[in-house]
Amino acid sequence: MPGLSSLQRPDRLWVDVPLAVVFTGVGLLLSPQYGMGNGGVAALLVMAPAVALRRVAPLVALAVAWASALVQMATLSDPGYVQLGSAAVVYACAAYARRAGVVLAAASCVVGPVVAVTYLVVRTQARTAADFVVVSSPESALAVGVAAFAVLGLGWVSGLLVRVAAQARDSRLGREQAERDAATAREIAGLEQSHAELAREVHDVVGHSLAVIVAQADSVRFLPPDDRTAVDRTVETIAETARGSLAEVRAVLSRLDEPRAGDLDALVRRVEATGREVVRHRVGDPRPLPPSAEHVRFRVVQEMLTNAVRHGTPGAVRLDEHWGESGVRVTVRNPVAPDAVDAVPGYGTVGMRARLAEVGGALTLERSADEYRAEAFVPAEVAS
């Protein structure tokens, strides 16, 4: 609903409308017993919409509650059950209205009882013997006013506490979201930095080597055709430069090395050699993955196990594999200290996300009180 405060709850109409109906029904049942009369019934019917709208439009509900009080005074009716609706409206204003609604509700908690006491004192003088007597003296009118102030004040304070609690919760959720956004931004920045470093490395290695090779190849045209020694020396320089460049490029791009069959078992054995128990569990039948996806699976599991050993506390590491038609879901769980501070995602996490993204997979990281969980999905068909 446009124009509503972010604190208001239009979805609560499904609760508040039936509640208003129940409130009105109970009041009508009590009216003969407490002598509400036609005026009291009219005030009750006016109050019903205020109860229904109190969380959707708190200021409107407050105005309607005051209208109910005016109807009550105009018909010389006694206060009573209807005022419970006023307390509910004051509560809603303190909890869900904008700042102006909170202030007006607080003012109503003071002005309302004063008006009620004044009305009751005047009303006492106009009573007849046949009237249903609630207030018979100025002292009892003051007591009713104090009771009304207490009920309205309790409603207002309760609503304000709900408001403060909701704002504190929203603030906490906002901080948590900001921290997640900051962590994601750091991961993206790290990924961009790693790409930039990779591009610089390749540029430096290949650019320098190609420049040397081109220069040496061009120089061959100017050598004497009968100087075999010079030609051989130049060709050897070109070959050595190319071999050195190839070795450097392989070092830079070493992450492209394909794992051999059984490397995952060997990886687990190496982790167990550190003294850390690895509990493996497999669901479903393994199926062949494309070479690129198999490579990603191996590297990601390697990184997850490395993180489990590096950052986890002593205890068994769980390695679960769930195979299905769409691919394999690998989960690594390791115990962590309850008071351990989460590390800022580094190149390992960034690298896992990048590798999985290249084949259409995904990575999920979760932290509980005493366990860290990393889950990677590797699809059976590599995304194009």
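Structure shown above.
Residues numbered from 1 in each chain as written. Predicted model: local features only at pLDDT ≥ 70, side-chain atom pairs only at ≥ 80, totals over all residues. Heavy atoms only, no water.

Caption draft 1: Highlighting the sheet that holds strand 3 (residues 327-335). Ordered by their spatial adjacency, five strands build an open sheet running 1-2-3-5-4, and the pairing between neighbours is mixed. Sheet topology places strand 1 (278-283) and strand 4 (362-367) at the edges, where each strand pairs with a single neighbour. Across the sheet, the mean angle from the axis of one strand to that of its neighbour is 10°, orientation sign disregarded. In the sheet, strand 3 pairs with strand 5 (residues 371-379) via nine bridges, with the strands oriented antiparallel. Counted as the bridge partner of Arg 333 is Arg 373 from strand 5. Sitting on the sheet, helix 9 (residues 291-311) is in contact with strand 2 (317-323), strand 3 and strand 5, with an inclination near 10° to strand 3. (Pairing = 2+ DSSP bridges. Helix = DSSP H or I, 4+ residues; strand = E, 2+ residues; numbered from the N terminus. Axes fitted to C-alpha atoms, helices over the stretch in contact; angles between N-to-C directions. Contact = heavy atoms within 4.5 Å.)

Caption draft 2: Structural context of the packing of aromatic side chains. In the structure shown here, the tally under the stated rule is two aromatic pairs. When the ring of Tyr 91 is compared with that of Tyr 96, the centres are 6.5 Å apart and the planes differ by 85°; the resulting orientation is edge-to-face. (Phe/Tyr/Trp six-rings, centres within 6.5 Å; stacked < 30°, edge-to-face > 60°.)

Caption draft 3: Up close: the pairing of strand 4. Bridge analysis of strand 4 against strand 5 gives six bridges, and the strand direction is antiparallel. In the strand pairing of strand 5, Arg 367 is matched with Tyr 372. Where strand 4 folds back on strand 5, the antiparallel hairpin that results is connected by three residues.

Caption draft 4: Spatial organisation of the nonpolar core. Counting residues in each nonpolar core, the largest one holds 28 residues, and the members touching the most others are Val 301, Met 304 and Leu 305. For this core, the secondary-structure elements that each account for two or more residues are helix 8 (263-273), helix 9, strand 2, strand 3, helix 10 (347-358) and strand 5. When near neighbours in sequence (up to four residues on either side) are disregarded, Met 304 contacts Val 330, Val 332, Met 352, Ala 374, Glu 375 and Ala 376. In terms of nonpolar packing, the next biggest core, distinct from the first, is built from 19 residues, Phe 23, Leu 44, Ala 50 and Leu 152 among them. (Core = buried A, V, L, I, M, F, W, Y, C linked by side-chain atoms within 4.5 Å. Buried < 20%, exposed > 50% of the residue type's maximum accessible area, 1.4 Å probe, protein only.)

Caption draft 5: Structural context of the side chain of Arg 297. Mapped onto the elements of the fold, Arg 297 is located in helix 9. Within polar-contact distance, the side chain of Arg 297 engages the side chain of Glu 321 at 2.9 Å. Setting aside anything within four residues of it in sequence, one finds Arg 297 in contact with Leu 264, Leu 289, Glu 321, Trp 323, Val 328, Val 330 and Val 378. (Polar contact = N/O pair within 3.5 Å; in protein donor to acceptor, adjacent residues only side chain to side chain.)

Caption draft 6: Molecular detail of the environment of Leu 160. Residue placement: Leu 160 occurs in helix 6 (residues 138-220). Considering only alpha carbons, one finds Leu 160 and Val 90, 70 residues apart in sequence, at a separation of 9.9 Å. Apart from residues lying up to four places away in sequence, Leu 160 is in contact with Ala 94 and Val 102.

Caption draft 7: The arrangement of helix 3 (residues 58-74) in detail. Spanning 17 residues, helix 3 covers 24 Å between terminal C-alpha atoms, matching the ideal 24 Å at 1.5 Å per step. Turning to helix 3, its buried residues are Pro 58, Ala 61, Leu 62, Ala 65, Ser 68 and Gln 72. Looking straight down helix 3, one finds that the buried residues subtend no more than 115° of arc, so they occupy a single side. Residues Leu 70 and Ala 74 are exposed on helix 3 and point more than 90 degrees away from its buried face. (Expected span 1.5 Å × (residues − 1). Arc of directions from axis to C-beta.)

Caption draft 8: Quick look at helix 9. Taking 1.5 Å of rise per residue, the 21 residues of helix 9 would be expected to cover 30 Å, and the 30 Å separating its terminal C-alpha atoms lies within 8% of that figure. Among the residues making up helix 9, those that are buried are Ala 293, His 295, Val 296, Arg 297, Phe 298, Arg 299, Val 300, Val 301, Met 304, Leu 305, Asn 307 and Ala 308.

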